[in-house]
There are 2 protein chains.
Amino acid sequence: MRRIKLLVEYDGTDFAGFQVQGKGERTVQGTLEEALKRIAGHDVTAIAAGRTDSGVHARGQVVHFDLAGRIPGERIASALNGILPRDVAVRRADEVASDFHSRFSAKSRTYVYLLWREPARSALWGRFATWESAPLNLEAMQEAASCLIGTRDFGSFANAGGDPGSTLVREVKRLEVVEIEGRSLMAVRITANAFLRSMVRNVVGMLVCVGKGDLAPSGVPAIAASGRRELNPCPTAPPQGLCLLRVEY
Amino acid sequence: MRRIKLLVEYDGTDFAGFQVQGKGERTVQGTLEEALKRIAGHDVTAIAAGRTDSGVHARGQVVHFDLAGRIPGERIASALNGILPRDVAVRRADEVASDFHSRFSAKSRTYVYLLWREPARSALWGRFATWESAPLNLEAMQEAASCLIGTRDFGSFANAGGDPGSTLVREVKRLEVVEIEGRSLMAVRITANAFLRSMVRNVVGMLVCVGKGDLAPSGVPAIAASGRRELNPCPTAPPQGLCLLRVEY
């Protein structure tokens, strides 16, 4: 068996998330595994670095699987792209050491969250950005973001449904809020060693709360320190603005 | 009756073009007129500056219509956006003079055509850019583009189906080819007083021909001067890379 690492891109709009749910829903994993079975000639399990939620996109998801078939490594990406539907694509495929694991070998993940800032919703950006036309105080958001960098229990940013019993401590290495595309978009970029369930969307939800003036930046450390989602008054940001940009090894 | 000017954005992927075809197909015009009828309380005809083809997008299409209803001007855009499907949005609505005409009053139109340049197709850009992974000589394309600027008969860039008997002379005011997004995309931006049917896609088709080395830049003027599409050996570029960026009055 050869272990193959795929760099995968998808538009999450029409998927019920990455992971197979066992309910007959359309998932990225199920779609990939079906295509992989066709080129491999045997059942394949595709394991991803980040199990993105329903509606979340990826530019640089990393997936590994084991291949018994004889297809040459350099043909895997083009063979898959010929089979996969338009909303999933394989950017590259590489043979890796048999102990490489897309999730456990990853050192960090980087996500970007896009907010559409114009007075009217966008037909072109509607799939990839969340419309938020209210005035937002960028400086206050940046101040709040700086409070969240570092290693701590991120339980107050974790929705129910994560791995039970595991640690809630994560290290946020970088978190920045910037305006782009002539201020039509605001982008939140976040890098951490790993993320809890819906953690990015809860961080963005809090930053938007702060931007609107519903929460002072000075209130952020206490909520973060509480470690409990029910003590965090901010909503979870919707999925469509979120994209897994890259995974670092 | 008040005349209203709309700035309209749409993702053309799931539309059979702007104009109502009379065959029960889903069109931007039909979708807009249905929403306008609901807010106006009477039948409305929506007239666009550019009758974009099936699959072509718009960021800044301009549409005018006449309104008898009492809805205040400042509420028109938000009322329409509440009714319209996700792939059409009204960026703004303004009351204009009764002799304003979206098409006949326009001084120029600007389109952008995006080419996706990476080795693999893109799941995120697939709706909005045409995948062209072959090596392209940017300098040759820019040289060819400069030959097409100016006023001439553009018949060799017009597909059948335009207004019969009308002039084929158009003025291309600006035409540039640039690499963007770290060379993952190539953009062709073109401004003209008006365009013939599929003219932008034929110009891009020729520039890609030149970029691939299938046609020398020095061969462009003779083809342009012929005025006959059948003497132009280059294919028409596919619609999904094309977007009507803005209309100038």
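Residues numbered from 1 in each chain as written. Chains lettered and ligands numbered in written order. Predicted model: local features only at pLDDT ≥ 70, side-chain atom pairs only at ≥ 80, totals over all residues. Heavy atoms only, no water.

1. Brief notes about the overall build of chain A
Helices and strands together make up the secondary structure of chain A, namely five helices and 10 strands. Taking 18 Å as the expected radius of gyration for a compact globule of 249 residues, we find that chain A reaches 19 Å, a close match to that expectation. In terms of overall dimensions, chain A has a C-alpha envelope of 60 × 40 × 30 Å along the principal axes. Burial status across chain A gives 55% buried among its 249 residues. A separation threshold of at least 6 residues defines the contact pool for chain A, and within that pool the share at least 24 residues apart is 71%. Entry remark: accessible area of chain A is about 10,900 Å², with carbon and sulfur atoms responsible for 49%. (Helix = DSSP H or I, 4+ residues; strand = E, 2+ residues; numbered from the N terminus. Rg over C-alpha atoms; globule rule 2.2 N^0.38 Å. Buried < 20%, exposed > 50% of the residue type's maximum accessible area, 1.4 Å probe, protein only. Contact = heavy atoms within 4.5 Å. Areas by Shrake-Rupley, 256 points an atom, 1.4 Å probe, with all protein chains shown as cover.)

2. Here's the deal with the relation of the copies chain B and chain A
With an RMSD of 0.0 Å, the operation that places chain B on chain A is a rotation of 180 degrees combined with a shift of 0.0 Å along the axis. Here the two chains are linked by the operation of a two-fold rotation axis. (Least-squares fit on C-alpha atoms with pLDDT ≥ 70 in both.)

3. Side note on the packing of aromatic side chains
Scanning the entire structure with this criterion turns up 10 aromatic pairs over all chains. A centroid spacing of 5.8 Å and a plane angle of 55 degrees characterise the contact between Phe154(A) and Phe157(A), whose relative ring orientation is tilted. The class for Phe154(A) is buried, based on a relative accessible area of 0%. Here the aromatic rings of Tyr10(B) and Phe18(B) are separated by 6.3 Å at their centres, their planes lie at 40 degrees, and the arrangement is tilted. Here Tyr10(B) and Phe18(B) have matching classes, each one buried. (Phe/Tyr/Trp six-rings, centres within 6.5 Å; stacked < 30°, edge-to-face > 60°.)

4. Considerations on the environment of Asp153(A)
All names here are of chain A. Within the secondary structure layout, Asp-153 lies in strand β7 (residues 150-153). Judged by relative accessible area, Asp-153 falls into the partly exposed class, the value being 33%. One polar contact links the side chain of Asp-153 to the main-chain amide nitrogen of Gly-155, over a distance of 2.7 Å. (Polar contact = N/O pair within 3.5 Å; in protein donor to acceptor, adjacent residues only side chain to side chain.)

5. Some details on unusual backbone geometry
All names here are of chain A. Positive phi values are uncommon outside glycine, yet Glu-181 reaches one of about 50 degrees. With respect to the helices and strands, Glu-181 occurs in the loop between β8 (169-180) and β9 (185-192). Unlike most non-glycine residues, Arg-183 shows phi in positive territory, near 70 degrees. According to the relative accessible area criterion, Arg-183 is exposed, its value standing at 63%.

6. A few points about the interface of chain B and chain A
The figure often quoted for interface size is the accessible area lost as the parts come together. Between chain B and chain A, the residue contacts involve 27 residues of the former and 27 residues of the latter. Taken together, the two surfaces of chain B and chain A that pack against each other cover about 2,100 Å², and 50% of this comes from carbon and sulfur. Linking chain B to chain A there are three salt bridges. Among the salt bridges present, the one from Arg59(B) reaches Glu118(A), with a minimum N-O distance of 3.0 Å. Put simply, chain B and chain A have 18 residue pairs in polar contact (both at pLDDT 80 or more) between them. At the level of secondary structure, the elements contributing two or more residues to the side of chain B that touches chain A comprise β1 (2-10), β3 (57-67) and β4 (88-96) of chain B. Per-element tally for the side of chain B that touches chain A: the top contributor is β4(B), with four residues. For the side of chain B that touches chain A, the per-class residue count stands at 14 nonpolar, four polar and nine charged. (Buried area = accessible area lost by both parts, 1.4 Å probe. Salt bridge = Lys/Arg side-chain N within 4 Å of Asp/Glu carboxyl O. Nonpolar A, V, L, I, M, F, W, Y, C, P; charged D, E, K, R; others polar.)

7. Re the side chain of Asp87(B)
Tracing the backbone shows Asp87(B) in the loop between α2 (73-83) and β4. Reaching out from Asp87(B), the side chain makes a polar contact with the side chain of Arg26(B) at a distance of 2.9 Å.

8. Re the environment of Arg92(A)
All names here are of chain A. Considering the arrangement of structural elements, one finds Arg-92 in strand β4 (residues 88-96). Residue classification places Arg-92 among the partly exposed residues on the basis of a relative accessible area of 46%. Considered as a pair, Arg-92 and Gly-227 are 135 residues apart in the sequence and their alpha carbons are 39 Å apart. Look past the residues within four positions of Arg-92 in its chain and what remains in contact with it is Lys-5, Leu-6, Leu-7 and Ala-77. Looking at Arg-92, its side chain comes within polar contact range of the side chain of Asp-94, at 2.8 Å.

9. Concerning the pattern of salt bridges
Close approach of charged atoms allows side chains of opposite charge to pair. Taken as a whole and assessed by the stated rule, the structure comprises 35 salt bridges over all chains. Of the charged contacts in the structure, one is a salt bridge between Arg2(A) and Glu95(A), with a shortest N-O distance of 3.7 Å. Residue Arg2(A) is located in strand β1 (residues 2-10), and its partner Glu95(A) is located in strand β4; the two are separated by 93 residues in the primary sequence. As a salt-bridge pair, Arg3(B) and Asp66(B) come within 2.9 Å of each other at their nearest N and O atoms. Residue Arg3(B) is located in strand β1, and its partner Asp66(B) is located in strand β3; the two are separated by 63 residues in the primary sequence.

10. Let's talk about the confidence of the model for chain A
Averaged over chain A, the pLDDT score is 95; the fraction of residues at 70 or greater is 100%. ipTM for the predicted complex: 0.91, alongside a pTM of 0.93. (pLDDT = per-residue confidence, 0-100.)

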